[in-house]
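# An overview of the molecular structure
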2 protein chains.
Amino acid sequence: MADSKEYDLIVIGGGPAGYAGAIRAGQLGKKVACVEMESAGGTCLNWGCIPTKALLKSAELYLKMKKADEFGFTVGDITFDYAKVIERSRGVAGQMAKGIEFLFKKNKVDYIRGKAQVSQPGLVSIVDGAAKGEVLRAKRILIATGCKMRRIPGLEVDGERVMTSREALASTKQPKSIIIVGAGAIGVEFAYFFNALGTDVTLVEMLPTVLPIEDDEISKTLERSFEKQGIKIRTGTKCENFRVGEKSVTVDLVKDDVKEVVEADVVLSAIGVVANIEGVLAPGVKVELDRNYVKVDDNYETNVKGIYAAGDIIGPPWLAHIATFEAVNAVNAMFGHGEPRRVSNFPGCTYCQPQVASTGLTERAAREKKLDIKVGKFPFTASGKAVAGGSSEGFVKVVTDAKTGEIYGAHIIGSEATELIAEYGLAIELECSVEEVHKTIHAHPTLSEALMEAAAASMGEAIHI
Amino acid sequence: MADSKEYDLIVIGGGPAGYAGAIRAGQLGKKVACVEMESAGGTCLNWGCIPTKALLKSAELYLKMKKADEFGFTVGDITFDYAKVIERSRGVAGQMAKGIEFLFKKNKVDYIRGKAQVSQPGLVSIVDGAAKGEVLRAKRILIATGCKMRRIPGLEVDGERVMTSREALASTKQPKSIIIVGAGAIGVEFAYFFNALGTDVTLVEMLPTVLPIEDDEISKTLERSFEKQGIKIRTGTKCENFRVGEKSVTVDLVKDDVKEVVEADVVLSAIGVVANIEGVLAPGVKVELDRNYVKVDDNYETNVKGIYAAGDIIGPPWLAHIATFEAVNAVNAMFGHGEPRRVSNFPGCTYCQPQVASTGLTERAAREKKLDIKVGKFPFTASGKAVAGGSSEGFVKVVTDAKTGEIYGAHIIGSEATELIAEYGLAIELECSVEEVHKTIHAHPTLSEALMEAAAASMGEAIHI
């Protein structure tokens with residue numbers, strides 16, 4: 001292979017794991033290639049986290065403008081061009097993707113466009129795309145191909161009547177009505193977005209609550225808020241027998257053997273993700289998989305020496321920040337830059353309004369583990385900043401060890417919850433006690449005071465409730 | 001004194017120090033009175049932190065609505081009723097003040113309306129107001145009378161042409177033009193507010209930058225932003241020779257011996273505060289003062305046994321969260337509930353847009369102390385959440401020990417800076433290293449990632465710049 005290029009590391013996939021791992025290797029002075037078949041930034045940046053945040057910002061602004069009289073304003077007709085809302089979102093994604101390409105250059109990462117396949121340990125072939133036919137060599141290969149949207153069995157995604165989040169992010173036509181299947185973070189965010197802009201939304205979840213992995217009380221609070229906003233929520237409900245017509249989709253919603261027939265312009269499938277592994281490994285490359293996820297050891301290395309993996313492709317939780325963390329740690333480790341760390345403490349966020357964010361154990365999980373816990377709660381109605389800002393919905397809840405004050409988990413629903421959670425993330429990382437959060441001076445007036453007050457409440461010392 | 005009431009503690013002043021101290025004593029099962037001559041919540045809640053935040057929210061919303069086309073909207077005429085904007089702010093303050101009264105009841109605090117005077121150690125007389133003539137007795141008295149706005153010498157505050165923040169918060173007439181004297185947090189917040197609503201604003205500061213106590217780079221960034229917003233900034237400038245006319249005020253702005261004459265509807269004096277001590281101590285009560293601030297020891301006790309003080313009345317920094325912290329610690333200490341702590345690590349916030357927040361040493365202060373530092377910076381232009389939200393102005397800066405990574409200070413300018421600072425507040429409180437912030441998984445996409453990236457940048461390991 002005289003004409004193959006030799007690298008220290010080849011990264012397959014340019015998402016939050018892949019691009020971060022490649023950049024980190026570049027920082028360490030390594031010769032690195034990052035192969036991406038579509039756009040730098042991967043699903044997160046192009047078809048996930050980032051463009052959805054742009055859409056949600058438009059939705060928030062619309063709802064705020066409609067309430068502007070509370071703030072002393074009189075506003076004439078507010079109209080919107082749905083295509084423009086979508087275009088702005090695409091523009092943001094495009095801008096951020098260019099940013100990643102710039103970072104590749106800055107860190108001397110060879111950015112290779114195409115579909116990569118590990119032909120054999122140490123060898124990657126570009127089997128499709130712009131760089132088709134190229135062959136790359138490296139002692140180390142990092143698989144970071146991520147996941148793609150899971151599809152509802154038997155229901156073809158046509159981008160018109162049936163969509164995943166990806167098609168919904170691209171479609172410039174606003175549906176009059178939508179059935180969203182799955183009330184995890186993605187389903188919930190789209191429900192908020194579409195409802196805000198006037199689409200009739202039915203949100204269906206098989207499990208007993210929306211955001212089933214969040215604290216029960218948070219999920220219930222969000223449900224009540226969503227219902228007040230006008231979203232129809234169907235929890236503990238299965239979707240059966242989708243009938244895709246020319247102008248609509250009809251589906252049976254079944255709960256406790258009772259059937260409700262619902263018709264809508266569009267069905268949005270938000271039932272999770274599956275591993276992007278197809279074609280990544282040539283048949284002879286015997287990397288061990290577990291339900292299509294790549295198995296790795298504590299060094300993020302697979303059973304095949306020199307082949308590593310990080311990010312969504314190694315399994316749940318499928319979160320961009322975890323993917324980045326894993327890839328950076330994998331790269332640090334493979335080049336002898338510190339011990340690799342595996343993920344233990346991480347936040348999860350949902351960006352509807354009120355926002356939801358959490359880290360660590362829910363109250364239920366702590367009780368199921370028979371932990372002796374105390375719970376501290378503080379409502380945003382008692383926060384001066386929240387009331388002044390006109391967004392006093394929600395609360396902070398902290399779950400602690402009854403004796404030591406160790407923080408097991410923190411759960412927030414309310415405005416800026418996704419930013420506020422960072423403090424408890426650090427608190428858990430540093431294994432500090434709830435008393436230490438309580439004793440730290442928090443700026444007044446801020447929403448972050450509610451974190452301190454929830455900590456104080458778990459000790460019976462909250463001032464403002 | 002058969003008819004005097006006997007307490008465990010009498011608190012003089014119902015602001016953030018006073019009400020919090022009183023509530024804390026109530027939590028500890030003590031019989032406590034809180035004497036307030038005006039409204040529960042004090043200046044902060046009624047004439048400071050809280051009502052300004054309500055005004056600023058209206059200003060923010062107005063500016064956002066004017067940019068709504070970027071988000072895909074077409075908005076008809078936007079008008080506002082200035083009186084309604086002010087009324088909302090007063091309503092928020094009133095609501096929060098009622099909340100404090102509720103907390104007094106809940107915690108069995110006797111809320112006494114009037115002006116209190118310490119007649120002698122152990123004895124407080126109500127010398128004015130609703131409860132005039134009452135006499136209260138307690139072994140412990142906590143003075144928490146706070147501060148009031150400093151006035152410009154020789155310039156009478158008439159509430160029409162010449163105001164402090166207090167009059168500005170109450171006036172329902174929007175000035176067409178205003179000269180704001182002093183560019184600390186209060187001056188800067190009013191400058192943002194008035195300018196946003198269309199008042200012609202000249203912001204004058206004697207020191208070389210706006211927000212002179214903040215990091216130089218932050219102050220400069222805010223100045224540029226404010227100038228772009230249309231605010232006229234005059235730093236390093238003195239105001240001389242105010243001429244108050246019937247319809248306007250004229251003043252000479254003098255910089256480097258060059259005089260500029262400026263005329264405006266209103267002059268707002270925002271040149272700091274002075275201690276509220278007048279009449280609080282009867283002539284025979286020899287509590288030691290220092291420039292009218294009450295001197296206390298590490299237990300918050302004055303030179304007179306049984307007389308304590310906390311909050312703004314014991315001197316700078318004059319911040320509500322510090323006042324609360326001091327009063328709670330004073331009360332804990334006087335009733336044997338743990339060692340009292342004095343303030344060391346605390347955040348400071350300014351709520352204009354872009355927001356400014358900081359904790360610890362500025363870069364300049366660290367260099368002046370000859371500390372061997374590293375500085376890490378991360379711009380919000382590189383934050384996906386900031387770009388998606390349409391507010392990518394500003395940056396995070398962290399100042400660390402070059403060898404150990406100890407965090408000396410953190411400085412933020414940008415959207416939600418006032419909430420984001422909480423994480424670095426905890427980090428400094430826990431004496432964690434910048435590496436620990438860097439290694440903590442932060443949710444993606446959030447603005448809080450910028451805190452992590454700034455930490456990483458100080459180590460040369462930021463991914464996204």
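Residues numbered from 1 in each chain as written. Chains lettered and ligands numbered in written order. Predicted model: local features only at pLDDT ≥ 70, side-chain atom pairs only at ≥ 80, totals over all residues. Heavy atoms only, no water.

Under an unreviewed UniProt entry, the name given to chain A is Dihydrolipoyl dehydrogenase, and the organism recorded is Actomonas aquatica. You can read under Sequence similarities (unreviewed entry) in the UniProt record for chain A the words "Belongs to the class-I pyridine nucleotide-disulfide oxidoreductase family." Note on chain A: under the UniProt heading Catalytic activity (unreviewed entry), the record states "N(6)-[(R)-dihydrolipoyl]-L-lysyl-[protein] + NAD(+) = N(6)-[(R)-lipoyl]-L-lysyl-[protein] + NADH + H(+)". (UniProt positions renumbered as here; feature names shortened; annotations may be inferred.)

This brings us to the sheet that holds strand 17 (residues 266–269) of chain A. All names here are of chain A. One open sheet holds the five strands; their spatial order is 10-17-11-12-13, and the pairing between them is parallel. Looking along the sheet, the strands with just one partner apiece sit at the ends: strand 10 (162–163) and strand 13 (232–234). Note that strand 11 (residues 177–181) and strand 17 share four bridges and pair parallel. Bridging across to strand 17, valine 181 finds its partner in serine 269. Against the sheet, helix 6 (residues 185–196) contacts strand 11, strand 12 (200–204) and strand 17, and its axis sits at roughly 165 degrees relative to strand 12. (Pairing = 2+ DSSP bridges. Helix = DSSP H or I, 4+ residues; strand = E, 2+ residues; numbered from the N terminus. Contact = heavy atoms within 4.5 Å. Axes fitted to C-alpha atoms, helices over the stretch in contact; angles between N-to-C directions.)

Glancing now at the pattern of salt bridges. Enumeration over the complete set of coordinates arrives at 50 salt bridges over all chains. With a shortest N-O distance of 2.5 Å, Lys397(A) and Glu217(A) are connected by a salt bridge. In this pair, Lys397(A) sits in strand 25 (residues 395–401) while Glu217(A) sits in helix 7 (residues 216–229), placing the two residues 180 residues apart along the sequence. Exposure remark for Glu217(A): the relative accessible area of 29% places this residue in the partly exposed category. Close ionic contact of Glu134(B) with Lys5(B) constitutes a salt bridge, the shortest N to O distance being 3.5 Å. Pair noted here: Glu134(B) is in the loop between strand 7 (123–128) and strand 8 (135–143) and Lys5(B) is in strand 1 (residues 5–12), with a separation of 129 residues, a long-range link. Each of Asp215(A), Glu217(A), Glu363(A), Arg367(A), Lys377(A) and Lys397(A) takes part in salt bridges that share partners, so that together they form one network. (Salt bridge = Lys/Arg side-chain N within 4 Å of Asp/Glu carboxyl O. Buried < 20%, exposed > 50% of the residue type's maximum accessible area, 1.4 Å probe, protein only.)

Residue and element names in this part refer to chain B. The interhelical angle for the contact between helix 3 (residues 49–66) and helix 6 (residues 185–196), taken along N-to-C directions, is 40 degrees, at an axis separation of 9 Å. In this view, helix 3 runs oblique relative to helix 6, as classed from their interaxial angle. Once helix 3 is placed against helix 6, the crossing between them reads as left-handed. Of helix 6, the residues touching helix 3 (which contributes Thr52, Lys53, Leu55, Leu56, Ala59, Glu60, Tyr62 and Leu63) are Glu189, Phe190, Tyr192, Phe193 and Ala196. (Parallel < 35°, antiparallel > 145°, perpendicular 65-115°, else oblique. Left-handed = near helix turned anticlockwise from the far one by under 90°.)

Let us now look at the relation of the copies chain B and chain A. With an axial shift of 0.0 Å and an RMSD of 0.0 Å, the rotation relating chain B to chain A amounts to 180 degrees. Seen this way, the second copy is the image of the first under a two-fold rotation axis. Both copies contact each other with a shared surface, as 100% of the interface residues of chain B are interface residues in chain A too. (Least-squares fit on C-alpha atoms with pLDDT ≥ 70 in both.)

Let's shift gears to the domain arrangement of chain A. Per the domain assignment, the segments of chain A are domain 1 (5–149 + 274–334), domain 2 (162–271) and domain 3 (354–458). Computed from C-alpha coordinates alone, the two centres of domain 1 of chain A and domain 3 of chain A are separated by 32 Å. (Domains from an automatic or database assignment.)

Let us now look at the interface of chain B and chain A. Where interface size is given, it is often the accessible area lost as the parts come together that is meant. Each partner contributes to the interface: chain B provides 90 residues, whereas chain A provides 90 residues. Between chain B and chain A, the buried area comes to about 7,400 Å², and carbon and sulfur atoms account for 66% of it. With a closest N to O distance of 2.6 Å, Lys385(B) and Glu419(A) form a salt bridge. Here the side of chain B that touches chain A takes 10 residues from helix 3 of chain B, the largest share from any one element. (Buried area = accessible area lost by both parts, 1.4 Å probe.)

Among the nonpolar cores identified, the biggest contains 144 residues, and Phe226(A) and Phe226(B) are the most heavily contacted of them. If you look at the next biggest cluster of nonpolar residues, it comprises 74 residues, including Tyr7(A), Leu45(A), Ile126(A) and Tyr300(A). (Core = buried A, V, L, I, M, F, W, Y, C linked by side-chain atoms within 4.5 Å.)

This paragraph deals with the environment of Ala457(A). Tracing the backbone through its elements, the reader meets Ala457(A) in helix 13 (residues 449–458). When near neighbours in sequence (up to four residues on either side) are disregarded, Ala457(A) contacts Gly376(A), Lys377(A), Ala462(A) and Ile465(A).

Moving on: the sheet that holds strand 26 (residues 407–414) of chain A. Think of a sheet as strands paired side by side through backbone hydrogen bonds, with each pair either parallel or antiparallel. All names here are of chain A. Sheet architecture is open: five strands sit in the order 22-23-26-25-24, paired in antiparallel fashion. Strand pairing shows two members of the sheet lacking a second neighbour, strand 22 (347–350) and strand 24 (373–379), which therefore form its edges. Neighbour-to-neighbour, the strand axes of this sheet turn through a mean angle of 10 degrees, independent of strand direction. Pairing of strand 23 (residues 355–360) with strand 26 involves six bridges; the strand directions are antiparallel. Within strand 26, the residue paired with serine 358 across the bridge is histidine 411.

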